[in-house]
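Fold and contact review
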Amino acid sequence: MSINRRNFLKASGTASVLAGVASVAGCAVGGSSGPRVVVVGGGYGGATVAKYIKQWAPHINVTLVERNAEFISCPISNLVLGGTKTLKDMTVSYETLTKKYGINVVRADATAVDVDKKMVRLAGGDSLPFDRVILSPGIDFMYEDLPGLNNAAAQEKVLHAWKAGPQTIALRKQLEAMRDGGVVAITIPVAPYRCPPGPYERACQIASYLKQSKPKSKVIILDANPDVTSKPGLFKKAWADMYPGMIEYRGNSRVMDVDMRTLSAKLEVADDVKADVLNVLPPMKAGAIVNPFITANKRWCEINWLTYEAKNVPGVHLLGDALQIAPAMPKSGHMANAHGKACAAAVVALLAGEQPNGAPVLTNTCYSFVSADKVVHVASVHKYDEKDKTMKAVPGAGGVSSASNELEGQYAMTWARNIWADALG
Ligand SMILES: Cc1cc2nc3c(=O)[nH]c(=O)nc-3n(C[C@H](O)[C@H](O)[C@H](O)COP(=O)(O)OP(=O)(O)OC[C@H]3O[C@@H](n4cnc5c(N)ncnc54)[C@H](O)[C@@H]3O)c2cc1C
């Protein structure tokens, strides 16, 4: 990161503003004359960018619009299905962002961004004016691609549980209610989708629960991709060693629809698969609020990787899962958190009339729990390539674990606590 808080304050002469705000901790701070930044989405990307802007430039007025009352982490949420964690263990309040950093957290649904008038419209009719807007809405599901699931009643029965929350608990209840000897089918869409290793971790967590409580049962993974998309060797070894005969992996198994009458996944090129618990991860696209900024495959947003501005509309910043990923860049919480910091530095620089960092480097680590306590990871480093104007994975940096083990389990939980504190603490 080219800019740190001390340098920024020195450069922009805002040290006196910082001294001024220290005495009003607990109130919304930032003078009414300061620039206004509105962030939509208080997840991994949005909470991070809001906090870092306010830390590095306290004179900027930061408003964070989030529809949910609390932050619930998707990372670690598969452990709720395994039965070793509850949602409470991964829920964080937005209070610190308000009380400690002076961010104006607004609980609302943002319905549109009026670029010309520089306003974010909220459900209910209110509007928030901005000088810069940052959108990190995560993903939406493309139910239109699965006609049988494209209604509320079907979606209540066939869950995604791919946004941690009530669906995570409901899926756990379906597993608890299933008979011993039942079949759980997990379907995975064609990549890119949120969290490449997440579905395979989920299969491990469900199998871990079934092994103890319903050992005659089976997990079938129906993957639209030809092979496991992340850590294939490590996952396949874990399935063979820890859950022999219990997890069946089927690549090239794209789900075209769901038959709600028989609770079956209808595949493109093979017979229907009937399940007792059917967990469908529909194809995904950027969250609806960024629709005007979608420029790739009618699904994702392309950006300038130095400023995080939309390719089609400068002045609108985008980050997180909503982005058209750079080569080898996963849609992950760690990555969204890294985008958040890079975007914060760029917005602070732009608002100060300075050039953003021309050579950003981002890192990522994804941990996956293959049992209650054994974990594997994949890590990567992504560097800006001036010639191709994109982020590229640095060869030889990062890599995967040599084998699953409990020490990595401790690292994984430390990673989670650290990143929650980094974004929201
Ligand atoms: C089961 C599972 C396990 C995972 N495990 C890992 C892991 O181990 N490591 C890892 O790095 N990543 C993991 N991920 C991926 C990670 O959760 C996502 O990549 C990350 O959440 C993306 O951050 P984001 O800010 O783009 O979106 P989100 O974190 O989803 O945040 C988006 C926020 O925007 C809000 N929002 C959207 N639209 C609006 C609107 N119009 N108005 C108001 N609010 C709005 C939403 O309510 C949400 O809070 C996992 C995901 C899943 C599902």
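Provided above is the structure to which this section pertains.
First, a word on what this report is: a plain description of the structure on this page. (Residues numbered from 1 in each chain as written. Predicted model: local features only at pLDDT ≥ 70, side-chain atom pairs only at ≥ 80, totals over all residues. Heavy atoms only, no water.)

1. Considerations on the overall build of the protein chain
- In terms of helices and strands, the protein chain carries 11 helices and 23 strands.
- Taken over the C-alpha trace, the protein chain has a radius of gyration of 22 Å; the compact-globule value for 425 residues is 22 Å, and the two agree within 12%.
- For the C-alpha atoms alone, the extent of the protein chain along its principal axes is close to 65 × 45 × 45 Å.
- The buried share of the protein chain, taken over its 425 residues, is 54%. (Helix = DSSP H or I, 4+ residues; strand = E, 2+ residues; numbered from the N terminus. Rg over C-alpha atoms; globule rule 2.2 N^0.38 Å. Buried < 20%, exposed > 50% of the residue type's maximum accessible area, 1.4 Å probe, protein only.)

2. Quick look at the packing of helix α3 (residues 44-56) against helix α11 (residues 406-424)
- Following both chains from N to C, one finds α3 and α11 inclined at 55 degrees, their axes separated by 7 Å at the closest point. As the angle between them shows, α3 and α11 are arranged oblique. Counting all contacts with α3, which are made through Y44, A47, T48, K51 and Y52, the residues of α11 involved are I419, W420, A421, D422, A423 and L424.
- Looking at the contact of α3 with α11 residue by residue, the class counts come to eight nonpolar, one polar and two charged. (Axes fitted to C-alpha atoms, helices over the stretch in contact; angles between N-to-C directions. Parallel < 35°, antiparallel > 145°, perpendicular 65-115°, else oblique. Contact = heavy atoms within 4.5 Å. Nonpolar A, V, L, I, M, F, W, Y, C, P; charged D, E, K, R; others polar.)

3. Re the pattern of salt bridges
- Applying the stated rule across the entire model yields 22 salt bridges.
- For the salt bridge of E95 with K99, the shortest nitrogen-to-oxygen distance reads 3.7 Å. Taken together, the residues E95 and K99, both in helix α5 (residues 95-99) and four residues apart, mark about one turn of the helix.
- Judged by its relative accessible area of 48%, E95 falls in the partly exposed class.
- On the basis of relative accessibility, which here comes to 48%, the residue K99 falls in the partly exposed class.
- Of the charged contacts in the structure, one is a salt bridge between E248 and R250, with a shortest N-O distance of 2.7 Å.
- Several salt bridges share partner residues, and in doing so they unite D385, K387, D388 and K392 into one network. (Salt bridge = Lys/Arg side-chain N within 4 Å of Asp/Glu carboxyl O.)

4. A short note on the site of the ligand
- Not every one of the 34 residues close to the ligand is listed here, only the nearest: G45, E66, R194, D321 and G333.
- In this structure, a nitrogen atom belonging to the ligand sits 3.3 Å away from a main-chain N or O atom of R67.
- One of the backbone N or O atoms of D321 is found 2.8 Å from an oxygen atom in the ligand.
- Here the ligand has 990 Å² of accessible area as a free molecule, and 93% of this is covered by the chains.
- Broken down by secondary-structure element, the contributors of at least two residues to the shell around the ligand are α3, β2 (61-66) and α10 (333-351).
- For the shell around the ligand, the class distribution of residues is 14 nonpolar, 13 polar and seven charged. (Near = heavy atom within 4 Å. Polar contact = N/O pair within 3.5 Å; in protein donor to acceptor, adjacent residues only side chain to side chain. Areas by Shrake-Rupley, 256 points an atom, 1.4 Å probe, with all protein chains shown as cover.)

5. Thoughts on the sheet that holds strand β19 (residues 316-318)
- On the basis of which strands lie adjacent, the open sheet formed by five strands has the order β5-β2-β1-β9-β19 and parallel pairing. In this open sheet, the two edge strands, each paired with only one partner strand, are β5 (104-107) and β19. Taken over all neighbouring pairs, the strand axes of this sheet differ in orientation by 20 degrees on average, direction set aside.
- For strand β1 (residues 36-40) and β2, the ladder comprises five bridges, and the chain directions are parallel. Bridge pairing links V38 to T63 in β2.
- In this fold α3 packs onto β1, β2 and β9 (132-135), with an angle of close to 165 degrees to the strand it touches most, β2.
- The strands that α10 touches are β1, β9 and β19; relative to β9, the one it contacts most, it runs at about 170 degrees. (Pairing = 2+ DSSP bridges.)

6. Here's the deal with the packing of aromatic side chains
- Enumeration according to the criterion identifies 10 aromatic pairs in this entry.
- A ring pair is formed by Y200 and W239, whose centres lie 6.2 Å apart and whose planes are at 50 degrees; its orientation type is tilted. Taken as a pair, Y200 in helix α8 (residues 198-213) and W239 in helix α9 (residues 232-242) lie far apart in primary sequence, 39 residues in all. W239 carries the same exposure label as Y200, and that label is buried. (Phe/Tyr/Trp six-rings, centres within 6.5 Å; stacked < 30°, edge-to-face > 60°.)

7. Notes on the environment of Q324
- Within the secondary structure, Q324 is located in the loop between β19 and α10.
- Sequence-distant contacts of Q324, that is, excluding residues within four places in its chain, are made with A296, N297, W300, C301, E302 and W305.

8. Focus on the packing of α10 against α11
- Viewed as axis vectors pointing N to C, α10 and α11 meet at an angle of 30 degrees, and their least axial separation amounts to 11 Å. Between α10 and α11, the angle is such that the two are roughly parallel. Crossing handedness for the pair α10 and α11: left-handed. For the pair formed by α10 and α11, the contact residues are G333, H334, N337 and K341 on the first element and W415, I419, D422 and A423 on the second.
- In the contact of α10 with α11, the residues fall into three nonpolar, three polar and two charged. (Left-handed = near helix turned anticlockwise from the far one by under 90°.)

9. Comments concerning the pairing of strand β12 (residues 218-223)
- Within β12, five of the six residues are buried, leaving the element largely enclosed by the surrounding structure.
- Examined bridge by bridge, strand β11 (residues 183-188) and β12 share six bridges and lie parallel to one another. Directly across from A185, in β12, lies its bridge partner I220.
- Handedness of the β-α-β unit built from β11, α8 and β12 comes out right-handed.
- As for the winding sense of the linkage, the β-α-β connection from β12 through α9 to strand β13 (residues 247-250) is right-handed. (Right-handed = clockwise from strand over helix to strand, strands pointing away.)

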